[in-house]
Amino acid sequence: MKTSVLFVCLGNICRSPLAEGIFRDVVEKRGIGGRFLIDSAGTGGWHVGSPPDPRSIEVAANHGIDLRSQRCRKITVSDFQYHDLVFGMDRSNVDNLRAVAPGSFSRIHMFLDYVHGTGVEIPDPYYGDADGFENVYQMIREGSEALADRLIASTGS
Ligand code: 4NP
């Protein structure tokens, strides 16, 4: 059975597309990409159907990752039926997810809480500059390496 991981932010154009692309890159480079289903979504629907923000596309491309085929979508109730892990990038993403998830769904976490236990949020870079996007890239890269370590350890291989 594949492990299904969903990354969620507010708009699904800045942070969660980066997380989807970066985590996919991490597991592919480790030769275990086939073990995962990886997706992203937003809690807001303003940009549905659009590609990621050009600044996310650019920072990913600077690190050899191509986000151009991704399209924004809004989270749906069916996302809570099959994902093993649903990660909000910040605390408000997690609150928004908990507000729409069925009461029995307990697999929502703040991303860096789950991997580092730090309570650190991935900040929204939308109204900032390119440096903010590079910072978000580095935070998600570190988190994704740690997530891969943790998931590999938990499956014993
Ligand atoms: P994201 O950033 O949640 O990282 O995709 C945002 C993108 C768009 C908006 C807010 C945050 N917006 O208000 O349109």
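Everything here concerns the structure above.
Here's a quick rundown of the structure.

Reading guide: rules and limits
Residues numbered from 1 in each chain as written. Predicted model: local features only at pLDDT ≥ 70, side-chain atom pairs only at ≥ 80, totals over all residues. Heavy atoms only, no water. Phe/Tyr/Trp six-rings, centres within 6.5 Å; stacked < 30°, edge-to-face > 60°. Helix = DSSP H or I, 4+ residues; strand = E, 2+ residues; numbered from the N terminus. Lys NZ or Arg CZ within 6 Å of the ring centre and 35° of its normal. Near = heavy atom within 4 Å. Polar contact = N/O pair within 3.5 Å; in protein donor to acceptor, adjacent residues only side chain to side chain. Areas by Shrake-Rupley, 256 points an atom, 1.4 Å probe, with all protein chains shown as cover. Nonpolar A, V, L, I, M, F, W, Y, C, P; charged D, E, K, R; others polar. Core = buried A, V, L, I, M, F, W, Y, C linked by side-chain atoms within 4.5 Å. Buried < 20%, exposed > 50% of the residue type's maximum accessible area, 1.4 Å probe, protein only. Contact = heavy atoms within 4.5 Å. Arc of directions from axis to C-beta.

A few points about the packing of aromatic side chains
Alright, step 1. Within the structure shown, the criterion is met by 8 aromatic pairs.
Alright, step 2. Measuring from centroid to centroid gives 5.4 Å for phenylalanine 23 and phenylalanine 36, while their planes differ by 80°, and the two rings are edge-to-face. In this pair, phenylalanine 23 sits in helix 1 (residues 15-29) while phenylalanine 36 sits in strand 2 (residues 36-42), placing the two residues 13 residues apart along the sequence.
Alright, step 3. An aromatic cluster of at least three residues, connected via ring pairs, comprises Phe7, Phe23, Phe36, Phe87, Phe111 and Tyr114.
Alright, step 4. Across the ring face of tyrosine 114, the terminal group of arginine 150 is positioned such that the distance to the ring centre comes to 3.7 Å.

Details of unusual backbone geometry
Alright, step 1. The residue asparagine 12 is not glycine, and still its phi comes out positive at about 55°.
Alright, step 2. Looking at where asparagine 12 falls in the secondary structure, it is placed in the loop between strand 1 (3-9) and helix 1.

Examining the site of the ligand
Alright, step 1. As a matter of local geometry, the ligand sits amid Cys9, Leu10, Gly11, Asn12, Ile13, Cys14, Arg15, Trp46, His47, Asp124, Tyr126 and Tyr127.
Alright, step 2. Backbone polar atom of glycine 11 to an oxygen atom of the ligand: 2.8 Å apart, as the coordinates give it.
Alright, step 3. Protein contacts shield 92% of the accessible area of the ligand, which totals 360 Å² for the unbound molecule.
Alright, step 4. The residue inventory of the shell around the ligand, partitioned by class, reads 7 nonpolar, 3 polar and 2 charged.

Topic: the nonpolar core
Alright, step 1. Ranked by internal contacts, the top residues of the largest apolar core, which has 36 residues, are Phe7, Leu18, Phe23, Phe111, Ile140 and Leu147.
Alright, step 2. Of all the elements in the fold, those that place two or more residues in this core are strand 1, helix 1, strand 2, helix 2 (54-62), strand 3 (85-88), helix 5 (111-116) and helix 6 (130-155).
Alright, step 3. Ranked by the residues each element gives to this core, the list is headed by helix 6, at 9 residues.
Alright, step 4. Not counting residues within four places of it along the chain, the set of residues in contact with phenylalanine 23 comprises Val5, Phe7, Phe36, Ile38, Ser144, Leu147, Ala148 and Leu151.
Alright, step 5. Core analysis: the second largest hydrophobic core is formed by 12 residues, Ala41, Phe105, Ile108 and Met110 among them.

Comments concerning helix 2
Alright, step 1. Every buried residue of helix 2 is accounted for by Ser56, Val59 and Ala60. An end-on view of helix 2 places all buried positions within 100° of arc, on one side of the element. In helix 2, the exposed residues that point more than 90 degrees away from the buried face are Pro54, Glu58 and Asn62.
Alright, step 2. The N-terminus of helix 2 is capped by aspartate 53, whose side-chain oxygen sits 2.8 Å from the backbone nitrogen of arginine 55.

Nothing here speaks to function; it is all geometry.
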